[in-house]
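If you want the building blocks of each chain, they are given just below.
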Amino acid sequence: MRKISIPKVILLWRAYLPYHRARLAAAIAEEKRLGVEFHGLQAVDKPTDYEFLGAEAGRGSERLVACFPGSSFSDLGARQLFRRTLGILEELDPIAVFWPAAAFPEGMAAIRWRARSGGRV
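Residues numbered from 1 in each chain as written. Predicted model: local features only at pLDDT ≥ 70, side-chain atom pairs only at ≥ 80, totals over all residues. Heavy atoms only, no water.

1. With respect to the overall build of the chain
Move 1: When helices and strands are counted, the chain shows four helices and four strands.
Move 2: Ordered by position in the sequence, the α and β elements of the chain form the string β-α-α-β-β-α-β-α.
Move 3: Within the chain, buried positions represent 38% of all 121 residues.
Move 4: Sequence separation of 24 or more characterises 71% of the internal contacts of the chain that already satisfy a separation of 6 or more.
Move 5: When the accessible surface of the chain is split by element, carbon and sulfur atoms take 54% of a total near 7,600 Å². (Helix = DSSP H or I, 4+ residues; strand = E, 2+ residues; numbered from the N terminus. Buried < 20%, exposed > 50% of the residue type's maximum accessible area, 1.4 Å probe, protein only. Contact = heavy atoms within 4.5 Å. Areas by Shrake-Rupley, 256 points an atom, 1.4 Å probe, with all protein chains shown as cover.)

2. Notes on the pattern of salt bridges
Move 1: Going through the model one piece at a time under the given rule, you end up with four salt bridges.
Move 2: Among the salt bridges present, the one from Arg33 reaches Glu30, with a minimum N-O distance of 2.6 Å.
Move 3: Residue Arg33 is classed as exposed on the basis of its relative accessible area of 65%.
Move 4: One salt bridge connects Glu90 with Arg116, and the closest N-O pair in it is separated by 2.6 Å. (Salt bridge = Lys/Arg side-chain N within 4 Å of Asp/Glu carboxyl O.)

3. Observations regarding helix 4 (residues 105-116)
Move 1: Its twelve residues give helix 4 an end-to-end C-alpha distance of 16 Å, which sits within 8% of 16 Å, the value for a rise of 1.5 Å per residue.
Move 2: When we look at burial in helix 4, the residues that qualify are Pro105, Glu106, Gly107, Ala109, Ala110 and Trp113.
Move 3: Where helix 4 is buried, its residues contact strand 1 (8-13), strand 2 (37-44), helix 3 (78-92) and strand 4 (96-98).
Move 4: Gly118 sits one or two positions beyond helix 4 and adopts a positive phi of about 90°. (Expected span 1.5 Å × (residues − 1).)

4. Overview of the sheet that holds strand 3 (residues 64-68)
Move 1: The strand order across the open sheet built from four strands is 3-2-1-4, with neighbouring strands paired in parallel fashion. Two strands lie at the open edges of the sheet, namely strand 3 and strand 4, each paired on one side alone. If you compare each strand with its neighbour and ignore which way they point, the axes differ by 25° on average.
Move 2: Bridge analysis of strand 2 against strand 3 gives four bridges, and the strand direction is parallel. Counted as the bridge partner of Gly40 is Leu64 from strand 3.
Move 3: Packing of helix 1 (residues 18-29) onto the sheet brings it into contact with strand 1, strand 2 and strand 3, and relative to strand 2 it is tilted by some 160°.
Move 4: Strand contacts of helix 4: strand 1, strand 2 and strand 4, with the helix running at about 160° to strand 4, the strand carrying the most contacts. (Pairing = 2+ DSSP bridges. Axes fitted to C-alpha atoms, helices over the stretch in contact; angles between N-to-C directions.)

5. Considerations on the pairing of strand 1
Move 1: As defined by bridge partners, strand 1 adjoins strand 2 across six bridges and the pair is classed as parallel. Along strand 2, the bridge assignment pairs Leu12 with Leu41.
Move 2: Sheet analysis places strand 1 next to strand 4, joined by three bridges and oriented parallel. Looking at the pairing, Val9 lines up with Ala96 of strand 4.

Okay, here's the thing in structure tokens:
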């Protein structure tokens, strides 16, 4: 019997903060109605500018992947961020990716992923 695959939609962010987690949880709550599966992708899970917020887990966290777990931006270069993000997007094979800015390496990777997949950006 052939397994039916649910289309994936990726919500890409540099680093998920509490309000990003709330957005992911809200999207997951609408999956059944929309017929898609939402996943969160973050470049790093230790944003150095927001350490005062702490690392908050919560609803949606089981669907949140970090390109570089345990790392901060100061640990990485733009090329590393670009390549790893692109690789994860190719592996997840989503139907759509929402990202905040093309100026960041992970945003550039999302554009490259979409261009390779033959779709419009």
